[in-house]
Each structure stands twice: as structure tokens, then as C-alpha cells.
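# Survey of secondary and tertiary structure
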Amino acid sequence: MADRHTSDRHTGDRRRDDKVTGHPLWELTAARLREFVREPAAVFWVFGFPLVLAIGLGIAFRNKPPERVKIAVDGRLPDAAEVAKRLSKGGRIDARVLPHARAERALERGEVGLVIAPPTAAPPKASAAPQGAKRAALSLSYRFDPSAPESQRIRLAVDDALQRAYGRVDVVAVVDVPMKKPGARYIDFLIPGLLGLNLMGSSMWGLGYSIVHARSHKLLKRYAATPMNRAHYLMSYALSRLVFLTAEVTILVVFGFLVFDVTLKGSVFALAGISLVGATSFAGISLLIASRPTTIEGVSGWMNFVMMPMWLLSGSFFSYERFPDALHLPIKLLPLTALNDALRAVMNEGRPLWATWPELCVMVGWGVGSFVIALKIFRWR
Amino acid sequence: MSEAALRCEGLVKRYPPDVVAVDGVDLEVRRGECMGLLGPNGAGKTTTVEILEGLTEPDAGVVEVLGQRWGAGDDRRLRGRIGVALQETRLSEKLTVYETVRLFRSFYGSGRHPDEVIEVLGLEEKRGAKVGKLSGGQRQRVALACALVSDPDVLFLDEPTTGLDPQARLRIWEVVEQYRAGGGTVLLTTHYMEEAARLCDRVTIIDHGRVIAVDSPERLVKSLGAEQIIEAELAEPAALELASIESLAGVSGASFDSETRRLTLRVVDIAQTLARVLAELERQKLVAETLRTHEATLEDVFVHHTGRGLRDG
Ligand SMILES: Nc1ncnc2c1ncn2[C@@H]1O[C@H](COP(=O)(O)OP(=O)(O)OP(=O)(O)O)[C@@H](O)[C@H]1O
Ligand SMILES: [Mg+2]
């Protein structure tokens with residue numbers, strides 16, 4: 001055996017070059033995918049949560065038929081039942097007769113917006129009535145809380161309905177035309193915003209968390225001890241993100257279409273291109289954030305620090321036009337704003353991919369810049 | 001090609017502000033040899049090994065692995081020829097044993113089939129089990145499988161059997177012996193004397209970042225000038241006159257730790273010497289609470305050099 005010690009032991013037939021595995025990049029990517037799908041919590045937060053958000057917000061802000069105004073008629077009013085009946089006829093008002101005390105309580109609790117009560121003081125003098133009007137058919141009073149935001153609207157609606165019910169004739173003919181066309185509703189605004197938010201969240205967490213996890217478990221160090229091409233390791237994250245990205249975007253877009261009738265006005269190609277650039281950009285940022293921390297707590301703090309301003313400012317839920325003009329430019333330079341704006345341009349306005357070049361530039365800038373710095377300072381141990 | 005598989009000279013590694021983890025270590029491991037690094041916690045074993053593995057940059061000193069230096073341009077090729085099991089690596093818990101070994105295999109241009117290595121380590125039953133569901137000993141074996149799957153020329157094992165039950169330890173020993181039978185070189189750190197004595201051709205004893213002794217386990221033990229050890233714990237009051245015990249015929253060395261009241265004697269012939277020692281103790285009016293004798297081991301070598309036990313820290 002002693003002679004074998006000194007010779008190169010790999011001249012024998014023990015070395016076999018049969019390829020038993022695929023390309024390391026593929027193997028790494030496959031490992032990433034497996035790790036992800038075997039983590040049910042991660043799957044939920046990436047795929048389920050955006051749908052839950054979309055459903056919740058979509059329902060909360062859906063275009064429903066104008067809501068019926070709930071009011072009460074004080075039982076002490078002589079004609080209470082008749083008043084309630086006539087008011088409810090138009091279908092816009094839901095009037096119920098309640099005993100005095102109950103009606104007052106309902107008003108206090110906000111269960112009804114207004115109570116029709118017997119007149120408190122003297123009925124309006126005849127001279128106060130519109131000229132030429134007959135003597136009032138009925139006299140009563142409206143009780144409501146003027147500080148409640150809805151109360152003025154309710155008072156107007158109730159008064160309008162009541163006056164008509166008792167014979168007032170409108171002098172101007174009016175037709176209501178509700179704005180309902182897809183592409184301009186809140187849900188149309190919301191779905192691209194959720195898409196952007198989700199691309200940011202899953203790229204950031206998917207990459208940053210796993211990398212720091214691997215570092216804190218000394219797994220990065222173990223990989224560094226192999227001839228693994230380090231670029232392959234980082235690219236495997238990008239590739240696995242690509243797979244999930246496709247699923248994420250498809251699920252949310254199809255869901256928006258089926259449930260809320262949100263249509264994709266631009267091309268699938270443009271949507272795919274923007275999603276890809278956006279996700280890659282956030283992958284770069286995430287790599288930068290994850291390039292040095294050795295603990296999950298550390299990287300979580302940084303993630304939140306970076307994402308929080310974009311949650312607030314980038315117009316995922318509400319347009320950033322609400323912020324002061326001076327802030328618009330800095331806000332537009334945030335990568336999530338660029339992603340949201342580009343997604344909306346394609347989904348809602350049907351713009352082609354090239355028309356979103358300013359946004360694409362912002363995203364590419366962030367992505368490339370972070371990636372280059374990350375490669376320089378990345379810590380393998 | 002140089003004779004040495006691993007060689008380092010004057011290795012120094014400092015951790016600011018004031019830790020000198022490795023303080024001038026010289027080491028040479030011949031091809032086909034199994035070298036043990038022995039030392040208490042914090043001695044600098046892991047730091048030394050990781051410098052040799054090319055994972056840590058030394059502050060000073062020269063490192064050669066298979067005749068090549070780290071950073072000389074072909075690190076990846078060199079990494080392809082070494083196998084590494086770090087002291088603490090938590091492999092991905094979501095991957096199965098097979099997937100893990102296969103992933104590591106994919107990093108190397110050549111090597112063994114993952115299933116073959118899994119079988120060698122006796123993990124066939126756990127082939128499809130997630131790493132996160134394995135016991136500590138099984139995880140150690142997976143880590144070893146990942147180190148062996150490339151069929152490396154040099155194997156670095158940092159405490160491969162710490163915390164394992166005797167059977168699991170035996171299994172790993174057998175795997176290492178099998179690897180060596182194929183001509184592989186091993187650098188192994190351990191706290192276990194039996195492990196070093198069984199596996200290693202030579203042992204380097206290291207303490208406070210310095211090499212204290214290098215030799216084969218047998219010769220290190222022999223160098224104590226003793227075959228056997230007598231250990232006695234004395235009852236209070238233990239005002240011992242060490243010199244008169246040391247000068248007894250047959251005693252080649254004595255040490256006394258007044259804190260633990262433990263008297264350690266190295267003797268050549270225990271049968272003849274024991275009676276003399278007991279008589280001397282009686283003369284000094286000392287009572288031995290416990291009395292033990294055993295064959296000298298590497299542990300005694302360590303105590304001899306440092307005055308401390310290997311696991312005392
Ligand atoms: N990253 C680090 N930063 C600061 N000090 C360190 C670092 N790594 C190791 N040390 C210190 O260097 C010394 C040697 O550590 P090392 O891990 O090499 O010891 P060891 O011999 O492997 O110990 P053990 O038997 O406990 O594994 C210790 O005092 C340790 O505290
Ligand atoms: Mg160690």
C-alpha cells in the first residue's frame with residue numbers, strides 16, 4: 001500500500017467520468033424549487049396571500065349598486081307606517097318604523113343614518129313654503145348627527161324621496177349614467193399593484209431569506225469548499241424565481257380576469273417582459289441586502305427597511321398622485337413604482353413594452369447596480 | 001510532485017482585537033497518511049483546517065495543498081480534489097439524503113455515484129428521507145457522504161464523530177479506513193484519543209494555536225517514558241511532598257494538582273511501583289480516596305505537555 005500512497009491514486013480505474021447528475025446549475029435550481037414547494041408556508045405567502053388580498057380588497061371596493069340608505073321612522077309619528085311605506089317604495093331607502101326609544105338608540109349606534117320624528121317646534125309657516133305650494137301635507141323633523149360624514153347625503157336622499165312620494169314634481173329631467181367600464185375601476189388599478197407588490201415581496205424574501213439562512217447554517221461555507229461555480233449558485237436563485245414568477249403572475253392575472261373581469265389590454269409579451277425585469281431587479285436588490293448579514297433577524301430588518309417605504313409610496317393600493325408634487329420624482333425613481341406604473345400601462349392602458357422604457361430603465365438600473373455591488377461584497381462564510 | 005499532500009509553515013491567524021487563533025503552526029501531511037489534530041476547545045484546530053481548505057486566509061504563513069497554493073490561479077481545480085466535512089454544517093433540511101448527495105456530486109467533474117456513497121455510509125434506508133428528519137449521527141454521515149462523493153485525494157474531517165454513539169462512531173471509522181485503503185490522505189481533528197489512536201498514522205497535538213508535539217500515537221505515548229499511569233485523588237488535607245514521590249524507584253514522572261488533589265504518576269512497572277507509592281503516601285500520612293491505574297494514552301501525553309486534560313478546555 002505504501003507505494004500507492006506516493007503515486008497519484010487517480011491513475012487507476014476508480015475514477016469514473018460518467019455523468020450521473022445534470023448540469024450543476026440545473027441541480028442547484030432543482031434543489032431551490034424543491035426547497036420551496038416543500039415549505040407550505042412559503043407557498044401560501046407567495047401564491048395564496050395575494051389572492052386573499054385581491055379578494056378582500058376587490059370585494060371591499062367593488063362596484064355595487066348604490067347602497068340602500070337605512071333610516072328609522074319614529075313610532076310616535078301619526079303616519080309612521082305610511083311614511084315608511086312610501087319612502088321604501090323607490091328602492092333606494094330602507095325605512096323601518098321603530099318605537100321612539102329604539103329609534104333613538106339606533107341613531108346613536110349608527111345603525112340608521114337618520115330618524116324621521118314628529119315635528120319638534122311649530123310646523124314651518126306657510127310663508128316659508130315655496131311660493132304657490134299648497135299647505136304642507138305632512139309636517140315632521142329629521143334627526144341626524146351632522147358630524148357623521150354620510151349624514152348630509154342621507155338627509156338629502158331621504159328628503160328628496162319623501163318630497164316626491166308626497167307629490168312633488170321634478171322640473172328637470174335627468175338620467176344617471178354610471179361609470180362601469182373595465183379598466184377604470186379600483187380593482188383594475190389594484191390588480192397590477194398587487195402584482196408588483198408580490199413580485200417585490202417574493203423576490204426579496206425568496207432570495208434574501210434563503211441566502212442568509214444558508215450562511216447562518218454554514219452551508220454557504222460548505223459550498224465554497226467545493227468547486228461549485230459561485231455564479232451558478234446565485235443564478236440558480238434567479239432561475240427558480242423565474243419559474244415561480246411565471247406562476248405568480250399567471251395566477252393573479254387569471255384570477256383577476258375570472259373573478260373581477262380585469263382584462264389584460266396590452267400583450268402577454270409586454271406583461272411577461274415587465275414582470276421579468278421587475279423580478280430580476282428586486283432579485284439584485286435582495287442579493288445586495290443578503291450579501292453580508294449572518295442572521296435572519298439582521299436580514300429581516302434590512303428587508304423591511306428597504307420595502308416599507310415602497311409599500312407606502314409606490315402606489316400599490318392608492319395612487320401616489322395623492323402625495324405632494326415635489327415627491328413625485330423621487331417616488332417614480334423607486335423600483336416598485338416603476339414596476340407598478342409599467343404594469344398598469346400594459347394591463348390597463350394596453351401600452352406596448354417599449355413605451356414603458358423609462359420604467360424599465362429605473363428597474364434595470366437598480367437591479368444591475370445592486371447586483372454588481374453585491375458580487376463585490378458577498379460573504380460566503 | 002512533492003511528497004506532501006498538505007504542508008503549511010508559520011501559519012498565523014488573528015481575530016481582532018486580541019485572539020490569536022493560530023500562532024505559528026507548521027504541519028506536513030504525507031500522501032496516503034492520516035494525520036490527527038488533537039487539542040482542547042479553542043486550540044485552533046478548526047482555524048488551521050479551514051486555512052488548509054482554502055476557506056480562511058491566514059495572516060501569515062505558507063499553505064500548500066497537493067503541491068499547490070490557494071489563490072495561485074486554479075483554486076477550483078484544487079477544490080475538486082479535496083473533500084470537506086466542516087465542524088458544523090446544517091445541510092438543507094428540505095432535501096432528501098439522495099438529493100443532497102447528488103447535488104454535491106454535480107459540482108464535481110468526476111467522482112462516485114451518489115447511491116454508492118450512500119450505501120458505503122449505510123444510509124440506504126434513509127435515502128429518500130429529508131435531511132431535517134435525520135438524527136445527529138445520520139446527518140454526520142450525510143455530511144461525510146457529501147465529502148466522499150467526489151472521490152477526493154485529500155479528506156478534511158473536522159470532528160466527524162463528536163456527539164455520536166459508539167456504534168455510529170465505529171461506522172465512520174470504518175468508512176475512513178476504507179477511504180484510506182484506497183490511498184486517500186486524511187486530516188482529521190478530534191477530541192477522542194481512541195479515535196486518533198485507531199485512525200491516525202501520526203498525531204499533531206496543538207494548544208493555544210501552537211504545535212506541542214507531532215509523532216505517531218505509539219511513539220508519543222512511549223515518549224512519556226512510561227507504560228502505565230497511576231492516578232490517585234487524595235483526601236484533605238493533602239499537603240503532599242511531591243519530590244519524595246518523584247524520586248521513588250520506578251516512577252518516571254509525577255504531577256499533582258492541588259486544586260483537584262489529583263496525583264498523577266507515570267510508572268514503568270505498576271506491580272512493583274504501586275506498593276512503594278502507597279507506602280510513601282502512608283509515610284506522609286495521606287489517604288488516597290480513589291486510586292486508578294491505566295495504560296498510558298494520548299490523553300496523558302497531552303496532560304504531560306500542558307498540565308491540563310484534553311477536554312478541560
Ligand atoms: N470568526 C472568529 N472570530 C473571532 N474569534 C474566532 C473566530 N473563529 C475562531 N475564533 C477563536 O479562535 C480560537 C480558535 O478557534 P478554533 O475554532 O480554531 O478552535 P478549535 O480548536 O477548533 O476548537 P473546538 O475544539 O472547540 O472546535 C478560539 O479562541 C476562538 O474563539
Ligand atoms: Mg473546531
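Numbering of residues begins from 1 in every chain and follows the order in which that chain's sequence is written. Chains carry letters from A onward and ligands carry numbers from 1 onward, assigned in written order. Confidence filtering applies because this is a predicted model: local features only for residues at pLDDT of at least 70, side-chain atom pairs given and counted only at 80 or more, and all residues used for totals across whole chains, interfaces and linings. Only hydrogens and water are removed before side-chain values are computed, so all heavy atoms of the structure are retained for them.

## As for the overall build of chain A
Note the threshold: Elements are defined by DSSP. Helices are runs of H or I of four residues or more, strands are runs of E of two residues or more, and each kind is numbered from the N terminus. Two residues form a contact once any of their heavy atoms are found within 4.5 Å. For the area figures, the Shrake-Rupley method with a 1.4 Å probe applies, and any residue is considered shielded solely by the protein chains shown.
Counting its secondary structure elements, chain A contains 14 helices and four strands. Taking the contacts inside chain A whose residues are at least 6 apart along the sequence as the reference set, 77% of them involve residues at least 24 apart. Within the structure as shown, chain A displays about 20700 Å² of accessible surface, and the carbon and sulfur contribution to it stands at 63%.

## Observations regarding the side chain of B:Arg81
By the secondary structure assignment, B:Arg81 is in the loop between helix 2 (75–79) and strand 5 (82–85). Among residues more than four places away in sequence, those in contact with B:Arg81 are B:Arg31, B:Leu66, B:Pro152, B:Asp153 and B:Val154.

## Some points on the site of ligand 1
Residue and element names in this part refer to chain B. Selection criterion: Any residue with at least one heavy atom within 4 Å of a molecule or strand is counted as near it. Here a polar contact is recorded for every N or O atom pair within 3.5 Å, except that within protein the pair must consist of a potential hydrogen donor and a potential acceptor, and residues adjacent in sequence are included only if both atoms are side-chain atoms.
As a matter of local geometry, ligand 1 sits amid 14 residues, with Asn41, Gly42, Lys45, Thr46 and Thr47 nearest to it. One of the side-chain N or O atoms of Thr47 is found 2.5 Å from an oxygen atom in ligand 1. In the environment of ligand 1, an oxygen atom lies 2.9 Å from a nitrogen or oxygen atom belonging to the side chain of Gln87. Coverage of ligand 1 by the protein chains reaches 64% of its 630 Å² of free accessible surface. Of all the secondary-structure elements, those providing two or more residues to the shell around ligand 1 are strand 2 (19–30) and helix 1 (45–52).

## As for the coordination of the magnesium ion (ligand 2)
The criterion, for reference: For Na, K and Ca the donor cut-off is 3.2 Å, and for all other metals it is 2.8 Å, counting N, O and S atoms only; because water is absent from this set, sites may look incomplete.
For the magnesium ion (ligand 2), the full set of protein donor atoms is B:Thr46 (OG1) and B:Gln87 (OE1), and the range of their distances to it is 1.8 to 2.1 Å. Note that B:Thr46 is positioned in helix 1 and B:Gln87 in the loop between strand 5 and helix 3 (97–106), a separation of 41 residues in sequence.

## A look at the interface of chain A and chain B
Interface size is commonly expressed as the accessible area that is lost once the parts come together. We count it as follows: Defined here as a combined quantity, buried area equals the accessible surface (1.4 Å probe) lost by two parts on assembly, summed across both. Put simply, a salt bridge is a Lys or Arg side-chain nitrogen that is within 4 Å of an Asp or Glu carboxyl oxygen.
Contact with chain A, which involves 37 residues of that partner, is made by 47 residues of chain B. Summed over both sides, the interface between chain A and chain B buries roughly 4100 Å², with carbon and sulfur atoms accounting for 50% of that surface. At the boundary of chain A with chain B, the tally comes to seven salt bridges. At the junction of chain A and chain B, the tally comes to 13 residue pairs in polar contact (both at pLDDT 80 or more). Taken together, the elements giving at least two residues each to the side of chain A that touches chain B come down to helix 1 (2–6), helix 2 (24–37) and helix 8 (219–224) of chain A.

## Thoughts on the environment of B:Ser258
Quick note on the threshold: Burial classes follow relative accessibility: with a 1.4 Å probe on protein chains only, a residue under 20% of its type's maximum area counts as buried, one over 50% as exposed, and anything between as partly exposed.
Tracing the sequence through the fold places B:Ser258 in the loop between strand 11 (251–257) and strand 12 (262–267). The exposed category is assigned to B:Ser258, whose relative accessible area is 57%.

## Describing the pairing of strand 2 of chain B
Residue and element names in this part refer to chain B. What counts here: When DSSP finds two or more bridges between a pair of strands, those strands are recorded as paired.
In terms of strand pairing, strand 1 (residues 4–15) meets strand 2 through nine bridges, oriented antiparallel. Along strand 2, the bridge assignment pairs Tyr15 with Val19. Hairpin geometry of strand 1 and strand 2 is characterised by an intervening segment of three residues between the two adjacent antiparallel strands.

## What about the confidence of the model for chain A?
All names here are of chain A. The cut-off we apply is this: Known as pLDDT, the predictor's confidence for each residue is given on a scale from 0 to 100.
Summing up the model confidence of chain A, the mean pLDDT is 84 and the portion of residues at 70 or higher is 88%. Across chain A, element-level confidence peaks in helix 13 (residues 335–347) with a mean pLDDT of 94 and bottoms out in helix 1 with 39. For the stretch residues 1–17, pLDDT sits under 50, and the model shows 32 contacts to residues farther than four places along the chain or on other chains.

## Description of the sheet that holds strand 13 (residues 288–295) of chain B
Residue and element names in this part refer to chain B. Spelled out, the test is: Axis geometry follows a simple rule: fit a line to the C-alpha atoms, using only the stretch in contact for helices, then measure angles between N-to-C directions, giving values from 0 to 180 degrees.
What the four strands build is an open sheet, ordered 11-12-10-13; its pairing is antiparallel. Each having just a single partner strand, strand 11 and strand 13 make up the two edges of the open sheet. Across the sheet, the axes of successive neighbouring strands diverge by a mean angle of 15°, strand direction being ignored. Sheet analysis places strand 10 (residues 228–234) next to strand 12, joined by six bridges and oriented antiparallel. Across the sheet, the residue bridging to Glu231 is Thr264, located in strand 12. In this fold helix 10 (residues 270–283) packs onto strand 10, strand 11, strand 12 and strand 13, with an angle of close to 20° to the strand it touches most, strand 10.

## Let's talk about the packing of aromatic side chains
Aromatic rings considered in pairs are described by the distance between their centres and by the relative angle of their planes. To keep things clear, this is the line we draw: Stacked, tilted and edge-to-face are the three classes applied to pairs of Phe, Tyr and Trp rings, where Trp contributes its six-membered ring and a pair requires centres within 6.5 Å; stacked means planes under 30 degrees apart, edge-to-face means over 60, and tilted covers the rest. Look at NZ for Lys and CZ for Arg. If either is within 6 Å of the ring centre and within 35 degrees of the ring normal, a charge sits over the ring.
Evaluation of the coordinates by the stated rule reveals 17 aromatic pairs over all chains. Where A:Tyr223 meets A:Tyr233, the ring centres are 5.4 Å apart and the plane angle is 50°; that geometry is what we call tilted. With A:Tyr223 in helix 8 and A:Tyr233 in helix 9 (residues 230–260), the pair connects residues that are ten residues apart, well separated along the chain. Across the pair, A:Tyr233 and A:Tyr223 agree in class, each one buried. Within the aromatic cluster, the residues linked to one another by ring pairs are A:Tyr223, A:Tyr233, A:Tyr237, A:Phe378, A:Trp380, B:Phe104 and B:Phe107. One residue, A:Arg32, lies across the ring of A:Tyr237, its end atom 4.4 Å from the ring centre. Its guanidinium or amino end placed over the ring of A:Phe378, A:Arg215 lies 5.0 Å from that ring's centre, counting from NZ or CZ.

## Things to note about the state of the cysteines
Linking two cysteines covalently through their sulfur atoms gives a disulfide. Residue and element names in this part refer to chain B. Definition in use: Put simply, a disulfide is two cysteine sulfurs that come within 2.5 Å.
Under the defined criterion, the tally for this structure stands at zero disulfides over all chains. Of all cysteine sulfurs, the one in Cys200 lies closest to Cys34, which takes part in no disulfide; the gap is 3.9 Å. Assessed through its relative accessible area of 0%, Cys34 is described here as buried. Of the residues examined, Cys200 reaches a relative accessible area of 6% and is grouped as buried.

## Some details on the packing of helix 10 (residues 268–289) of chain A against helix 13 of chain A
All names here are of chain A. Applied cut-off: Under this scheme an angle from 65 to 115 degrees is roughly perpendicular, one under 35 degrees roughly parallel, and one over 145 degrees roughly antiparallel; angles in between are oblique. Polarity classes work like this: nonpolar for Ala, Val, Leu, Ile, Met, Phe, Trp, Tyr, Cys and Pro, charged for Asp, Glu, Lys and Arg, and polar for all others, with Gly in that last group.
Where helix 10 contacts helix 13, the axes come no closer than 10 Å and their chain directions differ by 170°. When the axes of helix 10 and helix 13 are compared, the pair comes out roughly antiparallel. Of helix 13, the residues touching helix 10 (which contributes Ala270, Leu271, Ile274, Ser275, Gly278, Ser281, Phe282 and Ile285) are Pro335, Leu336, Leu339, Ala342, Leu343, Val346 and Met347. For the contact of helix 10 with helix 13, a count of residues per class yields twelve nonpolar, three polar and no charged.

## Here we look at the environment of B:Val62
Residue placement: B:Val62 occurs in strand 4 (residues 60–65). Setting aside chain neighbours within four positions, we find B:Val62 in contact with B:Arg7, B:Cys8, B:Glu9, B:Leu11 and B:Arg69.

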